[in-house]
Amino acid sequence: MPTALITGITGQDGLYLAELLLEKGYAVHGVIRGQNNPKRELVERLLPDVHLHNGDLTDMSSLLRALRDSDPDEVYNLGAVSFVAYSWENAHLTTDVTAKGVLTMLEAVRLHTGDDPGRVRFYQASSSEMFGKVQETPQHERTLLWPRSPYGVSKVFGHYMTINYRESYGMHASSGILFNHESPRRGPEFVTRKISRAVARISLGLQDELVMGNLDAERDWGFAGDYVEAMWLMLQQPQGDDFVIATGQTHSIRDFLDLAFGHVGIADWTPYVRQDPQFMRPAEVDRLVGDASKAREVLGWKPRVSFPELVALMVDADLEATQQGW
Ligand code: GDP
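Throughout this document, residue positions are counted from 1 along each chain, in the order its sequence is written. With pLDDT at 70 or above as the cut-off, local features in this predicted model cover only qualifying residues; side-chain atom pairs require 80 or more to be listed or tallied, and sums for whole chains, interfaces and linings still use all residues. The side-chain quantities take in all heavy atoms of the structure and omit both hydrogens and water.

(A) Layout of the overall build of the chain. Here a strand is any run of E in DSSP of at least two residues, a helix any run of H or I of at least four, and the numbering for each starts at the N terminus. Along the backbone of the chain there are 11 helices and 13 strands. Scaling as 2.2 N^0.38, a compact globule of 326 residues should have a C-alpha radius of gyration of about 20 Å, and the chain matches this with 19 Å. Seen along its three principal axes, the alpha-carbon backbone of the chain occupies a region of about 65 × 45 × 40 Å. Classification of residues uses two cut-offs on accessible area relative to the type maximum, computed with a 1.4 Å probe and protein chains only: under 20% is buried, over 50% is exposed, and between them is partly exposed. Buried residues in the chain amount to 54% of all 326 residues. The contact definition used throughout considers only heavy atoms, calling two residues in contact when any of these lie within 4.5 Å. Within the chain, residue pairs in contact and separated by at least 24 positions form 78% of the contacts whose partners lie at least 6 positions apart. In short, Shrake-Rupley with a 1.4 Å probe defines the accessible areas, and a residue's cover is counted only from the protein chains shown. On the chain, roughly 14,400 Å² of surface is accessible, and the fraction owed to carbon and sulfur atoms is 47%. Residues counted as positive are Lys and Arg, residues counted as negative are Asp and Glu, and His and the chain ends are not counted. Lysine's charge is taken at NZ, arginine's at CZ, aspartate's at CG and glutamate's at CD. Averaging the coordinates of the 31 positive side-chain charges in the chain and doing the same for the 44 negative ones gives two points 2 Å apart. Only C-alpha atoms enter the radius of gyration, while the globule expectation follows 2.2 Å times N to the 0.38, with N the number of residues.

Below, the structure is given as structure tokens:
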């Protein structure tokens, strides 16, 4: 039975990935941060078979302990301070966790594996935010990186450090450059979930206004459940490598609003939506669209859930959650 260790197991991707690996027969271990972490209960309830280890990406000895106690074949480093808007207010913390945390985990894996660096396969959760002020469209693995936020800069550091450990030490280390991927498990601070929750509440008469930032930004949005499969596929290859994971289609925030409100029968959302500068960012990533042809050819990966299906499933999940009082 193969064994996997996941950092960031309490997040959207960590939960989907843990489910996928359990289905495949893996023993799944997760690193969980902080005393009395409120998300521990969520993981224990949803995934009772996962073994949890206390640890923190800023604390090397805790990671070494988690590696020793789980003895994994595969490590998925998904842990990060991941909300772009927050990263300007907490640039140092974001750098410590999202950038230096990758180095700490890589170094812990290197020390743990000793003379046999390929013994543990390593996945780094890189991000389309690294493309930032895009230098070409669509973006692929060799597109020049131009991050636009402390979060994006931190992800660039982690991406290159992963490549560097692969090249310096012969580690089986892969970097997945995942474009935005969403689901009902997305945190409500992200724009898709913010909209799906508000639309559900508006249609049920519990809310009458949605306050937004820039409606013209465009993203290449996929379904998180599809994207974790790509992570696993990367670690099944003979060698570590870098892959863009994306749908290849881009949509604006307005498109998302159209579909989400349309799904509950509201054709004109303008009376419900107000823009407020508090949700505008000091620098914006205007338009992301990924070219995942390498993943399609090498990994045989392609997204299954379309953009309209994604919006519908998120709104439906929030309708149900709101009605049930979850
Ligand atoms: P990101 O791509 O990781 O930054 O994902 P987000 O979901 O946080 O933001 C996606 C885009 O939506 C960005 O360009 C934001 O500026 C834009 N946006 C517009 N209004 C909002 C809002 O109210 N909240 C968030 N989070 N993003 C918004």
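After presenting the structure, the write-up continues.
(B) Highlighting the site of the ligand. Neighbouring residues are identified by heavy atoms, a residue being near a molecule or strand if any of them is within 4 Å of it. Lining the immediate environment of the ligand, one finds 17 residues, of which V191, K194, R219, R281 and E284 sit closest. Measuring from an oxygen atom of the ligand, one finds a side-chain N or O atom of K194 at 2.6 Å. When the ligand is considered free in solution it has 540 Å² of accessible area, and contact with the protein chains removes 97% of it. Of the residues contributing to the shell around the ligand, the split by class is eight nonpolar, three polar and six charged. Bear in mind that the domain bounds are from an automatic or database domain assignment. Viewed by domain, the shell around the ligand spans two of them, domain 1 (3-181 + 222-245) and domain 2 (187-219 + 249-288 + 306-324), each represented by three or more residues. Two N or O atoms count as a polar contact when they lie within 3.5 Å, although within protein this holds only if one can serve as hydrogen donor and the other as acceptor, and sequence-adjacent residues are included solely when both atoms are side-chain atoms. Under this grouping Gly is polar, as are all residues other than the nonpolar Ala, Val, Leu, Ile, Met, Phe, Trp, Tyr, Cys and Pro and the charged Asp, Glu, Lys and Arg.

(C) Molecular detail of the domain arrangement of the chain. Structurally, the chain comprises domain 1 (3-181 + 222-245) and domain 2 (187-219 + 249-288 + 306-324). Computed over C-alpha atoms, the centres of domain 1 and domain 2 are 28 Å apart. Listed as interface residues are 17 residues of domain 1 and, on the opposing side, 12 residues of domain 2. Buried area, as used here, totals the accessible surface that two parts lose on assembly, with accessibility defined by a 1.4 Å probe and the loss added over both. Summed over both sides, the interface between domain 1 and domain 2 buries roughly 1,300 Å², with carbon and sulfur atoms accounting for 65% of that surface.

(D) Quick look at the environment of V228. Within the element layout of this structure, V228 appears in helix α8 (residues 224-235). Using a relative accessible area of 2% as the deciding quantity, one classes V228 as buried. Taking the C-alpha atoms as reference points, V228 and L21, separated by 207 residues in sequence, lie 9.6 Å from one another. Those residues in contact with V228 that sit more than four places away from it in its chain are D13, Y16, L17 and L20.

(E) The sheet that holds strand β6 (residues 172-178), seen in detail. Between any two strands, pairing holds if DSSP finds at least two bridges. What the seven strands build is an open sheet, ordered β3-β2-β1-β4-β5-β6-β11; its pairing is parallel. Of all the strands in the sheet, just β3 (51-54) and β11 (242-245) have a single pairing partner and so form its edges. The mean inter-strand angle of the sheet, taken between neighbouring strand axes irrespective of direction, is 20 degrees. Strands β5 (121-127), β6 and β11 of the sheet are contacted by helix α6 (residues 150-169), whose axis makes an angle of about 155 degrees with β5. With axes taken as lines fitted to C-alpha atoms, and helix axes fitted only over the stretch in contact, angles between N-to-C directions fall between 0 and 180 degrees.

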